[in-house]
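Secondary and tertiary structure notes
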Amino acid sequence: MEATERLFTRIYRRAFLPLLRISVMDSRRRFLGVSRGAAPKTTLFENMSERKEVIEKCQDLVKDRPPLLKRKFVEFPNVQNDSTVRVIQWNILADALATGRDNFIRCPKAALNWETRKFHILEELLTYDPDVMCLQEVDHYDDFFNPILKMLGYHGSFMAKPSSPCLDSPQNNGPDGCALFFKTDKFDLVNSEKLVLKVTHDGYERWSNQVGIINTLRCSNKKEFVIGVTHFKAKPGYEDVRYSQGLDLLEHFTSQVGSLPGILVGDFNAEPTEEVYRLYAECPLNLDSAYKLLSVDGKSEPAYTTWKIRKNGEQCHTIDYMWYTKTSLAIKSLLCFPTGDEIGENRLPSATYPSDHLSLVCEFSIPDN
């Protein structure tokens, strides 16, 4: 009897509770006259179709705030001038988490306010003119990012977490999830797959709360490649869950890649010492991590991709990666990380950077032959 009760409790928590949360949230929004997921009736960026226009508007809207951190690219001149794709990977920090459970005790509250922070996020995204944007913790897809990026010529896909922690916040904007945007004047969508990642424990397979998107894109020269984005389970003690999620994602990614070039990016929430990192580094696809090229020996990951201070102390980790098939892709340039001094003693997020994760930007070269 006790085992049966535990089974039904797990089913309720994993299947019905997320639906109940969303239902309650929808009811509250209908009472307030707000349509969940609807595009805004008006936008500050109306009739803007140029990237520079939007960047300048963002800067004007936050002109009373310090400017964004300035970063530089490192070029790799020996790479041939074949077809290129510039990808940005970034956990942008969900609105509901920034002002709720994440407890960024050294960050000014004004810097966490979505009504201004969103313009710094948009400016960071557009500054590097990416062909593909791969994002995590997106909880303003329909009412902010998708309408604006669509005006600028991007096609977007969104996959929400089944039971997003954002829904625990009373003032949430819906569940967070992964988003993938690409320029429609440069690529055609060949195939798209949205995933809820599976995990296996004690021989039983179940759905997890983490997701991914995998797209196959065709360049103007008819060359195709596969691009995927994901966000694995966070926190210490869940190494086996991340490994299991990594296995499931890699299976789907491998199936789409076949013999094509492949790029798989995300917030993997795993240090290079974890088993899931070795899984990707040693898999048959011959993947490599792009940002190792910035190290002196070309074999070491950056010292950090996220650096924050919470109530339980300072946390400096390398957990975000850009994996690529090194036999079919080359790296043309990488965006450098700011130093600790440039980030500042209060770390991230801050008045000069809108997320606790730094963006990763890489320009890949796809050989024409």
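Worth saying up front: this structure is predicted, and the values here are computed from it rather than measured.

Parameters at a glance
Residues numbered from 1 in each chain as written. Predicted model: local features only at pLDDT ≥ 70, side-chain atom pairs only at ≥ 80, totals over all residues. Heavy atoms only, no water. Axes fitted to C-alpha atoms, helices over the stretch in contact; angles between N-to-C directions. Helix = DSSP H or I, 4+ residues; strand = E, 2+ residues; numbered from the N terminus. Parallel < 35°, antiparallel > 145°, perpendicular 65-115°, else oblique. Left-handed = near helix turned anticlockwise from the far one by under 90°. Contact = heavy atoms within 4.5 Å. Nonpolar A, V, L, I, M, F, W, Y, C, P; charged D, E, K, R; others polar. pLDDT = per-residue confidence, 0-100. Buried < 20%, exposed > 50% of the residue type's maximum accessible area, 1.4 Å probe, protein only. Polar contact = N/O pair within 3.5 Å; in protein donor to acceptor, adjacent residues only side chain to side chain.

Another point: the packing of helix 2 (residues 51-61) against helix 5 (residues 114-127). Orientation of helix 2 relative to helix 5, taken along the N-to-C sense of each, is 150 degrees, at an axis distance of 9 Å. Viewed along their axes, helix 2 and helix 5 adopt a mutual orientation that is roughly antiparallel. For the element pair helix 2 and helix 5, the recorded crossing hand is left-handed. In contact with R51, V54, I55, C58, Q59 and L61 of helix 2, helix 5 contributes F119, L122, E123, L126 and T127. Its residues placed into classes, the contact of helix 2 with helix 5 shows seven nonpolar, two polar and two charged.

Bringing the confidence of the model for the protein chain into the picture now. The pLDDT averaged across the protein chain works out to 89; a share of 87% of its residues lies at or above 70. Across the protein chain, strand 3 (residues 132-138) holds the top mean pLDDT of 99, while helix 1 (residues 2-32) sits lowest at 45. pLDDT under 50 marks residues 4-9. Its contacts with residues more than four places away, or in other chains, come to zero contacts. Ignoring residues within four places in sequence, the model shows residues 20-42, a span with pLDDT below 50, making 32 contacts including any to other chains.

Turning our eyes to something else, we now look at the side chain of T306. Along the chain, T306 turns up in strand 11 (residues 306-310). Exposure remark for T306: the relative accessible area of 0% places this residue in the buried category. For T306, the side chain forms a polar contact with the main-chain oxygen of D356, separated by 2.7 Å. Residue contacts for T306: discarding those within four places in its chain leaves Q315, C316, H317, I319, D356 and H357.

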